[in-house]
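# Observations on the three-dimensional arrangement
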Amino acid sequence: MSNCIFCKIANHEIPGKIIYEDDKCIAFLDLSQVTNGHTLVIPKTHAANFLEVDDEVLTHMTLVTKALANKIKDALQASGINILTNAGEIAGQTVMHFHFHIIPRFNENDGFIVNFEKRLDDIDLDDLLNKLK
Ligand code: AMP
Ligand code: ZN
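About the cut-offs
- Residues numbered from 1 in each chain as written.
- Chains lettered and ligands numbered in written order.
- Predicted model: local features only at pLDDT ≥ 70, side-chain atom pairs only at ≥ 80, totals over all residues.
- Heavy atoms only, no water.
- Helix = DSSP H or I, 4+ residues; strand = E, 2+ residues; numbered from the N terminus.
- Pairing = 2+ DSSP bridges.
- Axes fitted to C-alpha atoms, helices over the stretch in contact; angles between N-to-C directions.
- Contact = heavy atoms within 4.5 Å.

## As for unusual backbone geometry
Despite not being glycine, Gln33 has its phi angle at roughly 40°, a positive value. Structurally, Gln33 is set in the loop between β2 (25-29) and β3 (39-43). Notably, Gln77 is not glycine yet its phi reads approximately 50°, a positive angle. The residue Gln77 is located in the loop between α2 (55-76) and β4 (80-84) in this model.

Okay, structure coming up:
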């Protein structure tokens, strides 16, 4: 039996506030509710993170996440939604079973902070381009 907490939720071995379920994935309310309605979408088959999840499952989950994000936005009258996934400890991943976060947004002070403002000065964009294209 798996020790993974999200596998246990997917297998109904421990309870979750499940808002959606099908044969490939399951969505439930995040215990910590960063904002009102914060939801996680996970595959039923264990995968560590976004980088490792099966392509077919990921494609399916992306469509489910889109539908749920729209449903949550309408139901809670959110103004916007952040969809994000953390891959690896340094990126903030604490549960090593792939999950999309659906984070409804209401206003600037709704509890969720994401910072794209800090810019690194010494980055050579052409060097990056050569490495990445
Ligand atoms: P991450 O830091 O991206 O790995 O996100 C893991 C999330 O899982 C956190 O937001 C936790 O609040 C949430 N979480 C952990 N355990 C549970 C649980 N048993 N039920 C619901 N959410 C959970
Ligand atoms: Zn798992």
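Let us keep going from here.
## A word on the sheet that holds strand β1 (residues 18-21)
One open sheet holds the five strands; their spatial order is β1-β2-β3-β5-β4, and the pairing between them is antiparallel. Two strands close off the open sheet at either side, each with one partner strand: β1 and β4. Here the average twist between neighbouring strands, direction ignored, is 20°. Sheet topology note: the β4/strand β5 (residues 100-105) ladder contains five bridges and is antiparallel. Looking at the pairing, Ile81 lines up with Pro104 of β5. Sitting on the sheet, α2 touches β1, β2, β3, β4 and β5, and the angle it makes with β5 is about 20°.

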